[in-house]
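# Observations on the three-dimensional arrangement
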Amino acid sequence: MADILYEYGNAVYANLTNQCCCHCTFCIRNTGDGLGSARTLWHQKDPDWAEVKAAVDQFDFREYQELVFCGYGEPACALELLLETAAYMKALYPHIKLRLNTNGLGNLINKKDIVPLLARHIDCVSISLNAPDSESYYKLCLPDFDSAFQAMLEFAREAKKQIPQVKFSVVDVISEDQIEACRRLAENMGIPLRVRVYGS
């Protein structure tokens, strides 16, 4: 059975699904089965609420200040499980910050605006910008949706209005010129950008 919760850096991560609507050429899940303390993040089948609740109940959160929804899949593909887990965590551990790492395509995946639902419990959203323009984005991320790049930017705009902290990220697999273009785009939207080292 795959790890549902695992430790990575200074946070606990929740691996709720292996489903994703992007097929990024640089995706870390193409390089190994696990990350951090996880032996494997590949589910034979995605967990249900009973399994996630059991994992939360058995985990010792005393040393941690943050739970990150991020595993070998896009958390918004398991929206109801994400929301139920977030609500449960806030009830048990109101001091723990909840962060969602996402490709920003949750509205397309779920065919509705999910930002108000996330805003009930999520403290921070980190959105994978990955590229400064639609053409570069499609070559790098290979999304299932034709309107993915613009939908991701719109998700970011709405999240910025409703969620306390929103940031973009890019991975340093793109050129310096593209990173700078991403930085300008993020600045124009009033959203900070984090440049991640590949594999971190």
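Residues numbered from 1 in each chain as written. Predicted model: local features only at pLDDT ≥ 70, side-chain atom pairs only at ≥ 80, totals over all residues. Heavy atoms only, no water.

## Comments concerning the packing of aromatic side chains
Short version of the rule: Two rings belonging to Phe, Tyr or Trp (six-membered ring only in the last case) form a pair when the distance between their centres is within 6.5 Å. Interplanar angles under 30 degrees mark stacking, angles over 60 mark edge-to-face geometry, and anything in between is tilted. The helix and strand labels rest on DSSP assignments: H or I over at least four residues marks a helix, E over at least two residues marks a strand, and numbering proceeds from the N terminus. Whether a residue is buried, partly exposed or exposed follows from its accessible area with a 1.4 Å probe, protein chains only, as a fraction of its type maximum: under 20%, in between, or over 50%, in that order.
Counting across every chain of the model gives nine aromatic pairs. Aromatic side chains Trp49 and Tyr88 sit 5.4 Å apart centroid to centroid with 85° between the ring planes, which places their arrangement in the edge-to-face category. Linking Trp49 in helix H1 (residues 49-58) with Tyr88 in helix H2 (residues 79-92), this pair joins segments that are 39 residues apart in sequence. For Trp49, a relative accessible area of 22% puts it in the partly exposed group. For the pair Phe59 and Tyr64, a centre-to-centre distance of 6.0 Å together with 50° between the ring planes defines the contact as tilted. By the burial criterion, Phe59 is buried, and Tyr64 matches it. Each member of the aromatic cluster is reached from another via a ring pair, and the members are Phe59, Phe61, Tyr64 and Tyr93.

## A short note on the environment of Glu74
Using the following cut-off: What makes two residues a contact is simply this: any of their non-hydrogen atoms within 4.5 Å.
Mapped onto the fold, Glu74 is located in the loop between strand S3 (66-69) and H2. A relative accessible area of 3% places Glu74 in the buried class. Expressed as a C-alpha distance, the spacing of Glu74 and Asn103, which sit 29 residues apart in the sequence, is 6.9 Å. Filtering out sequence-adjacent residues up to four positions away, Glu74 remains in contact with Thr17, Gln19, Cys20, Asn101, Thr102, Asn103 and Ile109.

## Looking at the packing of helix H5 (residues 134-141) against helix H6 (residues 148-162)
Going by this rule: Think of each axis as a best-fit line through the C-alpha atoms, taken over the contacting stretch in the case of a helix, with angles from 0 to 180 degrees between the N-to-C directions. We call two directions roughly parallel when the angle between them is under 35 degrees, roughly antiparallel when it is over 145, roughly perpendicular when it lies between 65 and 115, and oblique otherwise. Under the scheme applied here, ten amino acids are nonpolar (Ala, Val, Leu, Ile, Met, Phe, Trp, Tyr, Cys and Pro), four are charged (Asp, Glu, Lys and Arg), and all others, including Gly, are polar.
Viewed as axis vectors pointing N to C, H5 and H6 meet at an angle of 105°, and their least axial separation amounts to 9 Å. Overall, the two elements H5 and H6 adopt an arrangement that is roughly perpendicular. Contacts between H5 and H6 involve Ser134, Tyr137 and Tyr138 from the former and Ala148, Phe149 and Met152 from the latter. Each residue belonging to the contact of H5 with H6 can be placed in one class, and the counts come to five nonpolar, one polar and no charged.

## Quick notes on the pattern of salt bridges
Going by this rule: What counts as a salt bridge is simple: a side-chain nitrogen of Lys or Arg found within 4 Å of a carboxyl oxygen of Asp or Glu.
Applying the stated criterion across every chain yields a total of ten salt bridges. For Arg99, the salt bridge is made with Glu66, and the minimal N-O distance between the two is 2.9 Å. One end of the pair, Arg99, is in strand S4 (residues 97-102); the other, Glu66, is in strand S3, with 33 residues separating them in the sequence. As far as burial versus exposure is concerned, Arg99 and Glu66 are alike and both buried. When the shortest N-O distance is used, the salt bridge between Glu154 and Arg157 registers 3.3 Å.

## Points about the layout of surface pockets
Threshold: Every definition here rests on a 1 Å grid over the protein atoms only: cavities are sets of points where a 1.4 Å probe fits but cannot get out, pockets are open sets enclosed by protein on both sides within 12 Å along at least five of seven lines, and lining residues have some atom within 4 Å of a point. Grid points are joined across faces, edges and corners, and a volume is the space filled by probe spheres set on the points.
Considering only enclosed or pocket space, the largest pocket measures out at about 930 Å³ in volume. Looking at the largest pocket, it is lined by 36 residues, and the ones nearest its centre are Ile28, Cys70, Gly71, Ser128 and Arg196. Only strand S1 (5-8), S4, strand S5 (124-128), strand S6 (165-171) and strand S7 (193-196) provide two or more residues apiece to the lining of the largest pocket.

## Comments concerning the side chain of Asn103
Going by this rule: Think of a polar contact as two N or O atoms within 3.5 Å of one another; within protein, one of them needs to be a possible hydrogen donor and the other a possible acceptor, and neighboring residues in sequence only count if both atoms come from side chains.
With respect to the secondary-structure elements, Asn103 resides in the loop between S4 and helix H3 (106-110). Judged by relative accessible area, Asn103 falls into the buried class, the value being 9%. A distance of 2.9 Å separates a polar atom in the side chain of Asn103 from the backbone nitrogen of Leu105. Once residues lying within four places of it in the same chain are set aside, the contact partners of Asn103 are Cys20, Cys21, Cys22, Glu74, Ile127, Ser128, Tyr137 and Met152.

## What about the pairing of S3?
Note the cut-off: Only strands that DSSP links by at least two bridges are regarded as paired with each other. Whether a crossover is right-handed comes down to one check: with the strands pointing away from the viewer, does the path from the first strand over the helix to the second run clockwise; if it does, it is right-handed.
Burial along S3 is two-sided: Glu66 and Val68 and Leu67 and Phe69, pointing in opposite directions, are all buried. As judged from the three bridges shared by strand S2 (residues 11-14) and S3, these two strands associate in the parallel manner. Bridging from a neighbouring strand, Tyr13 pairs with Val68 of S3. Note on the crossover from S2 through H1 to S3: the handedness is right-handed.

## Observations regarding the nonpolar core
How we decide: We define the nonpolar core as a collection of buried residues of types Ala, Val, Leu, Ile, Met, Phe, Trp, Tyr and Cys that are connected through side-chain atoms lying within 4.5 Å of one another.
By size, the foremost hydrophobic cluster in this structure holds 62 residues, and its most contacted members are Leu5, Leu67, Phe69, Leu118, Leu129 and Phe168. The residues contacting Leu5, other than those within four sequence positions of it, are Val12, Tyr13, Ala14, Ala55, Val56, Phe59, Phe61 and Leu67. By size, the runner-up hydrophobic cluster in this structure holds eight residues, among which are Ala38, Leu41, Val68 and Tyr72.

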